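# Chains, contacts and geometry: an overview
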Amino acid sequence: VKYSNRVSGYLITFTSYKTDWPSISNRAQGKAEQPAIRVGFFQLFRFATCNEVLMMVVGSVCAVLHGSAQPLMLLVFGLLTDTFIEYDIELNELSDERKECVNNTIQWKQNYTTAILDIEYEMTQFAFYYVGIGAAVFLLGYFQISLWVTAAARQIQLIRKMYFSKVMRMEIGWFDCTSVGELNTRMSDDINKINDAIADQVAIFLQRFTTFVCGFCIGFVKGWKLTLVIVAASPLIGIGAGLMALFVAKLTGMELQAYAKAGAVADEVLSSIRTVAAFGGELKEVERYDRNLVSAQSWGIRKGLIMGFFTGYMWLIIFLCYGLAFWYGSSLVVDTEEYTPGTLLQVFFGVLIAAMNLGQASPCLEAFAAGRGAATIIFETIDREPEIDCLSEAGYKLNRVKGDIEFHNVTFYYPSRPDVKILDQLSVAVKSGETTAFVGPSGAGKSTAVQLIQRFYDPKEGMVTLDGHDIRGLNIQWLRSLIGIVEQEPVLFATTIAENIRYGRPDVSMDDIITATKEANAYNFIMELPQKFDTLVGEGGGQMSGGQKQRIAIARALVRNPRILLLDMATSALDNESEAVVQEALDKVRMGRTTISIAHRLSTIKNADVIVGFEHGRAVERGKHNELLERKGVYFTLVTLQSQGDKALNEKARQSRASIRQRSRSQLSNLIPESSNAIPEEEEEELVEPAPVARILRYNIPEWPYMLFGSFGAAINGGVNPVYSLLFSQILATFSVTDPVAQRKEIDSICLFFVMVGVVSFFTQMLQGYAFSKSGELLTRRLRRLGFHAMLGQEIGWFDDHRNSPGALTTRLATDASQVQGATGSQIGMIVNSLTNIGVAICMSFYFSWKLTLLILCFLPFIALSGGFQAKMLTGFAKQDKQAMEAAGRISGEALNNIRTIAGLGKERNFVDMYEAQLDAPYQAALKKANVYGACYGFAQCVVFLTNSASYRFGGYLVRQEGLHFSLVFRVISAIVTSGTALGRASSYTPDYAKAKISAARFFQLLDRVPQISVYSDKGDKWDNFQGNIEFIDCKFTYPTRPDIQVLNGLNVSVKPGQTLAFVGSSGCGKSTSVQLLERFYDPDHGRVLIDGHDSTRVNVPFLRSKIGIVSQEPILFDCSIAENIKYGDNSREISMNEVISAAKKAQLHTCSMTLAIIRDPKILLLDEATSALDTESEKTVQEALDKAREGRTCIVIAHRLSTIQNSDIIAVMSRGFVIEKGTHDQLMAVKGAYYKLVTTGAPIS
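The structure presented is a predicted model; accordingly, all values stated were derived computationally and were not measured. For every chain, the first residue of the written sequence is number 1, and numbering continues from 1 onward in sequence order. Restriction of local features to residues with pLDDT of at least 70 applies here, the model being predicted, together with a cutoff of 80 or more for giving and counting side-chain atom pairs; totals for whole chains, interfaces and linings are based on all residues. To obtain the side-chain values, all non-hydrogen atoms of the structure were included, while hydrogens and water were left out.

In this section: the overall build of the protein chain. The helix and strand labels rest on DSSP assignments: H or I over at least four residues marks a helix, E over at least two residues marks a strand, and numbering proceeds from the N terminus. Secondary structure summary: the protein chain contains 44 helices and 23 strands in total. The burial tally for the protein chain puts 54% of its 1246 residues in the buried class. Using a 1.4 Å probe, the Shrake-Rupley method yields the accessible areas, and only the shown protein chains count as cover for residues. Summing over all exposed atoms, the protein chain offers an accessible surface of approximately 51700 Å²; the carbon and sulfur share of this is 57%. When a residue's accessible area, from a 1.4 Å probe over protein chains only, is under 20% of the maximum for its type it is buried; when over 50% it is exposed; and in between it is partly exposed.

Given below as structure tokens:
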């Protein structure tokens, strides 16, 4: 019998409570306005066909029959016990002087006779019963699992197909509001959750529930009195579990709240890492963070103590229950003789097994809830009708298309940002056969207008017409087939060049492809490639250079022979040579087509027929190049800055990659390339070698006394199981004692012993809980502190990587550090517990009967295997499923990331077909898995029956032939079977453990990383009379996260001590970047920055930063008092209140950040657009304060308003990463160059 799980059942019941609570509370906060689960359980099966329903019904019947097997076994077991006891009583009688055994018959010395049992024959019968039940269990288990899993695999296959094809039909606006990452997760994880909810879990739930019902039935039918007594005590356990869940939820809440404070500190600091670095506040912040960790730690320890207390309480109650049940039951057996000993066991175990299975059925309910939650969104998507259905047949097609496009009063908002008006009453006409250029600053609505022509969106008001027809009335696929589009960053699919071009038009011949590539200037470079047209372009076209990708994309657009050509900044991502080539190609193909070109470069716009200037969602000017220059409007400012930059470039004769305004398409589409990069990077992150346990323990060394005591408690807890089987078999032995007084006395002493064991385990559980939580929480706090310290020590470039965004880092501090606990504290407890359990059990068994022990040990590997296997099954075959789904995932990922391109080409249907083809392999795998899985499950279930059958039969033999006392048979069998399941349970604890090791590894990666610019080191030059003489010598720089964009391109400029230098230029020209190099947030890639003649890379970082005061665009203040914020300015010493006040007076306290800068008494003052965030009134005041502050200090100003810099010593005008002209205000005005134009037109600099 599985007395085995006896208690583990109760344990499972309340551990599942434990895990449930926090998740429920989170869910409640999440969506109060509408429930997260809007799908009923049976609606999950809405896609099932008759076949599948039949399979599920048969599977359910098997599950119910299987569930009744365990209680059935109890009936056999009761009879078996009675037989043993009867035999023993007879043996006792034989030892009576007055009786003798004649021909197998015990008789009085007179002729009174009774027959003696043939114990071996009886045991053989029972063995057959067991084998029979075992075989039935194997078959039922196999069918119940394999039928359900197969049925689920079929339904999931269908759901996947329907979901993907529906997603591909959605309008683009829907994709803006739903991130691609989220969709990918839904396609993999959420559908897997539905799978879990409708597959084997249902069968297992039915089986366990049946066992629960049957167990109680047996209890009530066989002996209702004892059943009621046991049931009466169970509310105590329920109350314990409930209270524990309540307290744990409460304490977890408290702990999270306490940690939230520290987390807020971390988040605040990491978000404003530049400010912290500039003021050298790293160590101060680590202290502040650490102070906030203390309360979280104490709550965590309290939680451990309370969990220990309740676990102990449970065990105490359970043992008291045993004591009570056996005491009362034995009085029913001995005194009133209502029960046989077998009945007592049937009732007792019936109720136990019932309670245990109820506990084990509860995790299934979680799976069902998770499945319903996942299905909610997926089914809603499947049922949603797209607003612009790209696969619909509706809409008419025009016979002749001229190509006149007109916008009539179009107003438009992106669905993802309904509060931002992008187009505002836009009216523009584009004549057929002409080339129209759209120009204007970022966000003016140029790209949006192009997307409306493709009908990615419908305007909120007004309409877009083609040849006078509203495009909403035209067939979408047909409309898009007229349009060829070349984007700024063209998307190629991971296939050959020829296939990529074929995406333009499916039935195209090779000759057409060649013609198109020739027109696009792509033919020559393709022919030079070894595989020519069959060259694979790589994921996202990664194997090709920008210019090559662009020309393939142009060829793809041309193959369609489009009436309308849309060029969205088609050449902006290229260097000059490729640009010239691509531009030439574009000029060739524009002839005779309606062309709309969006561009920022003059060279591409000059020769357009009409230029339309956009600003704030309206078309504000229209005309030819020269007309617009005279108007001095939007177009003029764009041109002025550019031509100056171009001249300077040509003078320097630099043909490097430089492009002004690397502005990409509207902010929205920006999300798209990033999300496609983000996916592979997350995978990279996962490939961490799990950390060695030794290293984790090394961090935990200071807590060794706690761990020692905890292990001691765990060892005693482990010994409790075998002691239980000792007491249990001892009770059976008392039933065969013939002398009633001795019997009663023995029974009482055993029940007392139960109580003692309960009390001991109460204290040891508490000890174990407290000791391990204390050591674990201290470790977590230590790791968090170290991790935070390490993060603040990294160079600024590290924070630019999106994987190290403040959000990601704070999460890492919160979760990774607390997961590492799983590898030390409680895990050690678990291991010690299991080991002592097994050790004690085996020693005990060998002592009582080594032969029987050896026999059972043969089965032990199978029992442990089945235990481990079931644990593995609960976590599911998730790994293999994931791999099988990878190919399909790649297709869906590629499709979703490039949905705009696919929609523009009208290729949705192709991708749906490709996806469905890829689903076949995982589906076949799932069917195969169903059989393997079913067989394994059946085996795992029947192995215990077989063990029992063999061991009782052999036990019968030993009792008969070797005079072994029958109670020892029970003792040995129950001791070993329990320890076997303990083994299985220990192996099931590994997931946490593996997770902990990976978390630890990620953490150690962070601790071991050596920053390129070290904040904490004492190395580097320091000198006394710091003057503030600054020189930039030929500095080149690219941001580490955007290595393809050259920000500084040979910057040369110098400032003498006490002078003021002002940088002027359009945004993105490298003004702020040069300041960041001076602060040493970054080091230049090439060239040098000299400070007082010292190379900046050799200067001690804290020393350098302590000499620089910085006032930035939007000063960041910390969440503490104003005085504390001001003191922050100098973290190297304690600052008196008087100093604070005088600094505040100097800065007129308008901006705290200024005060911050002044209190350090810096030698160099950096003002990064310091007054741009203020109104004119405050600007004046602040300006005065700044002028005062500048006296006697070297000063660098970056300004957006010319008024602020007129009186600087040097004004440097920057463009494209270098200085195009410099001098004082008057000198520059005399030159009449770029600066002059800016001042006279009053145009905004940025």
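Strand order in the open sheet made by the four strands is β5-β4-β7-β8, with antiparallel pairing throughout. Of all the strands in the sheet, the pair left with one neighbour each is β5 (421-430) and β8 (469-470). Along the sheet, helix α12 (residues 446-453) contacts β4 (405-413), β5 and β7 (461-466); its crossing angle with β4, the most-contacted strand, is approximately 115°. Pairing between two strands is assigned when DSSP locates at least 2 bridges connecting them. Whether two residues are in contact is decided by their heavy atoms: any pair within 4.5 Å suffices. Fitting a line to C-alpha atoms yields each axis, with helices limited to the stretch in contact; the angle taken between N-to-C directions then spans 0 to 180 degrees.

The next point concerns helix α33 (residues 908-918). Considered for burial, the residues of α33 that qualify are Glu908, Phe911, Val912 and Tyr915. The arc enclosing the buried residues of α33, seen along the axis, measures out at 100°, which places them on a common side. Structurally, α33 contributes buried residues whose contacts are with α4 (119-169), α6 (180-198), α13 (476-482), α31 (886-897) and α32 (899-905). The reported arc concerns the directions from the helix axis to the C-beta atoms and nothing else.

Of the two faces of strand β19 (residues 1108-1111), the one carrying Ile1108 and Ile1110 and the one carrying Gly1109 and Val1111 are both buried. Inspection of the sheet shows β19 paired to strand β20 (residues 1164-1168) by four bridges, in the parallel sense. Paired with Ile1110 across the strands is Leu1166, a residue of β20.

One less than the residue count of a helix, multiplied by 1.5 Å, gives the span that helix is expected to have. With 19 residues, α6 should reach 27 Å at 1.5 Å per residue; the first-to-last C-alpha distance of 26 Å fits that figure. The largest bend in α6 amounts to roughly 40° and is located at Arg186. Here the bend at a residue means the angle between the axes of two seven-residue stretches, the one that ends at it and the one that starts at it.

What follows concerns the side chain of Ser331. Within the fold, Ser331 resides in helix α10 (residues 282-334). Not counting residues within four places of it along the chain, the set of residues in contact with Ser331 comprises Thr336 and Arg744.

Salt bridge criterion: a side-chain nitrogen from Lys or Arg within 4 Å of a carboxyl oxygen from Asp or Glu. Tallied over the entire structure, the rule returns 28 salt bridges. The partner of Arg618 in a salt bridge is Asp424, with the nearest N and O atoms 3.1 Å apart. With Arg618 in strand β13 (residues 618-623) and Asp424 in strand β5, this pair connects stretches of sequence that are 194 residues apart. Notably, a salt bridge pairs Asp1083 with Arg1080, separated by 3.0 Å at the nearest N-O pair. Residue classification places Asp1083 among the partly exposed positions, given a relative accessible area of 21%. Connected through shared salt-bridge partners, Glu287, Asp290, Arg781 and Arg785 make up one network.

Turning our attention to the nonpolar core. Looking at soluble globular proteins, one finds that nonpolar side chains tend to be buried together. Among the buried residues, those of types Ala, Val, Leu, Ile, Met, Phe, Trp, Tyr and Cys that are joined through side-chain atoms within 4.5 Å form a nonpolar core. The biggest cluster of nonpolar side chains holds 98 residues, and the ones touching the most others in it are Ile194, Phe379 and Phe407. In this view, Phe407 contacts Leu426, Ser427, Val428, Ala449, Leu452, Ile453, Met463 and Val464; residues no more than four positions away in its chain are not counted. Counting 74 residues, the second largest nonpolar core, distinct from the first, contains Ala69, Tyr87, Phe762 and Leu860.

Judged by pairing direction, the sheet is mixed, and its six strands sit side by side in the order β9-β10-β11-β6-β12-β13 without closing on themselves. A strand with exactly one partner marks an edge of an open sheet, and here the two such strands are β9 (483-486) and β13. When strand polarity is set aside, the average angle formed by the axes of neighbouring strands in this sheet is 20°. In this sheet, strand β10 (residues 564-568) lies alongside β9 in parallel orientation, the contact comprising four bridges. Counterpart to Ile483 in the pairing with β10 is Ile564.

For the rest of this paragraph, the subject is the environment of Leu536. Positionally, Leu536 belongs in the loop between α16 (523-528) and α17 (546-559). Assessed through its relative accessible area of 54%, Leu536 is described here as exposed. Along the primary structure Leu536 and Thr496 are separated by 40 residues, whereas in three dimensions their C-alpha atoms are 4.2 Å apart.

Each pair of packed helices can be summarised by the angle the axes make with each other and by the distance between the axes. One can describe the packing of α6 onto helix α11 (residues 341-383) by two numbers: an axis separation of 7 Å at closest approach and a directional angle of 130°. One element, α6, and the other, α11, form an angle in the oblique class. At the point where α6 passes α11, the crossing takes the left-handed sense. Across the interface between the two elements, Arg186, Asp190, Ile191, Lys193, Ile194 and Ala197 from α6 touch Ala367, Phe368, Ala370, Gly371, Ala374, Ala375, Ile377, Ile378, Phe379 and Thr381 from α11. We call Asp, Glu, Lys and Arg charged. Ala, Val, Leu, Ile, Met, Phe, Trp, Tyr, Cys and Pro are nonpolar, and the rest, Gly among them, are polar. By residue class, the composition of the contact of α6 with α11 is eleven nonpolar, two polar and three charged. For classification purposes, an angle smaller than 35 degrees is called roughly parallel, one larger than 145 roughly antiparallel, one from 65 to 115 roughly perpendicular, and anything else oblique. Handedness of each helix crossing follows the sense of rotation of the near helix against the far helix: counterclockwise by less than a right angle gives left-handed, clockwise gives right-handed.

Ring pairs shown here join Phe, Tyr and Trp side chains whose ring centres sit within 6.5 Å, with only the six-membered ring taken for Trp; geometry is labelled stacked below 30 degrees between planes, edge-to-face above 60, and tilted in between. Taken as a whole, this structure holds 54 aromatic pairs when the rule is applied. Ring geometry for Phe77 against Phe349: centres 6.2 Å apart, planes inclined by 70°, an arrangement best described as edge-to-face. With a gap of 272 residues between them, Phe77 in helix α3 (residues 69-94) and Phe349 in helix α11 connect regions that are remote in the sequence. Judged by its relative accessible area of 0%, Phe77 falls in the buried class. Charge-over-ring contacts are defined here by two conditions on Lys NZ or Arg CZ: a distance within 6 Å of the ring centre and an angle within 35 degrees of the ring normal. Between the NZ or CZ atom of Arg302 and the centre of the ring of Trp299, over which it lies, the distance is 4.3 Å.

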